[in-house]
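Letter by letter, the chains look like this.
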Amino acid sequence: MSLTSLAVRRLRPFALGLYTKTGKSVHTTSRKYGEALYREKMFEYQEPKYIHHSGTALSAFMWYWILYHCYFEYEHLVPSHVYPDPRKFSDEELGIPPDDEE
């Protein structure tokens, strides 16, 4: 008998007790990666309703805030002034010395 099968035999009643007492299922799966045996236990977790509803309300308020300000205060994202065309600047405005200076 291997140590793994002994541990599974001892934990099986505990897992069945969890299933029957709390109504939540316990899944065990075995996967082989190379020669090692990897055992994974997944518990179904459901957060309390007040946490779920408060998270939903907070995310709804966040999206309301973002979309409201993007629509009514779009000047923060897109400036209202027109940028000058950089090709129309003269060399003097850009601070470039004339070509005839040495």
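Note: the structure precedes this text.
This write-up is about the structure you can find in this document. Just so it is clear, the structure is predicted and the values come from calculations on it, not from any experiment.

A closer look at the overall build of the protein chain
Here is step 1 of the chain: In terms of regular secondary structure, the protein chain is built from three helices and two strands.
Here is step 2 of the chain: When the helices and strands of the protein chain are read in sequence order from the N terminus, they spell out α-β-β-α-α.
Here is step 3 of the chain: When burial is assessed residue by residue, the protein chain has 3% of its 102 residues classed as buried.
Here is step 4 of the chain: Pairs at least 24 apart in sequence give 15% of the contacts found in the protein chain among residues at least 6 apart.
Here is step 5 of the chain: Here the protein chain displays about 10,100 Å² of accessible surface, and carbon together with sulfur accounts for 61% of that area.

What about a nonpolar patch on the surface?
Here is step 1 of the chain: Residues F61, M62, W63, Y64, W65, I66, L67, Y68, Y71 and F72 make up a contiguous nonpolar surface patch of about 1,200 Å² in total accessible area.
Here is step 2 of the chain: Examined against the element boundaries, W65 turns out to sit in helix α2 (residues 49–72).
Here is step 3 of the chain: Owing to a relative accessible area of 49%, W65 belongs among the partly exposed residues under this scheme.

Observations concerning the pattern of salt bridges
Here is step 1 of the chain: Enumeration over the complete set of coordinates arrives at one salt bridge.
Here is step 2 of the chain: Of the charged contacts in the structure, one is a salt bridge between D85 and R87, with a shortest N-O distance of 3.4 Å.
Here is step 3 of the chain: Accessibility expressed as a relative area gives 73% for R87, which makes it exposed.

Quick notes on the packing of aromatic side chains
Here is step 1 of the chain: All told, the structure shown has five aromatic pairs when counted by the stated rule.
Here is step 2 of the chain: Considering the side-chain rings of Y68 and F72, the 4.8 Å spacing of their centres and the 45 degrees angle between planes classify their relative orientation as tilted. Placement of the pair is Y68 and F72 together in helix α2, with a separation of four residues, close to one helical turn.
Here is step 3 of the chain: Residue classification places Y68 among the partly exposed positions, given a relative accessible area of 34%.
Here is step 4 of the chain: One aromatic cluster is present, formed by F61, Y64, W65, Y68, Y71 and F72 through successive ring pairs.

Criteria and cut-off values
- Residues numbered from 1 in each chain as written.
- Predicted model: local features only at pLDDT ≥ 70, side-chain atom pairs only at ≥ 80, totals over all residues.
- Heavy atoms only, no water.
- Helix = DSSP H or I, 4+ residues; strand = E, 2+ residues; numbered from the N terminus.
- Buried < 20%, exposed > 50% of the residue type's maximum accessible area, 1.4 Å probe, protein only.
- Contact = heavy atoms within 4.5 Å.
- Areas by Shrake-Rupley, 256 points an atom, 1.4 Å probe, with all protein chains shown as cover.
- Patch = residues over 30% accessible without salt bridge, like charges linked within 9 Å, V, L, I, M, F, W, Y side chains within 5 Å.
- Salt bridge = Lys/Arg side-chain N within 4 Å of Asp/Glu carboxyl O.
- Phe/Tyr/Trp six-rings, centres within 6.5 Å; stacked < 30°, edge-to-face > 60°.

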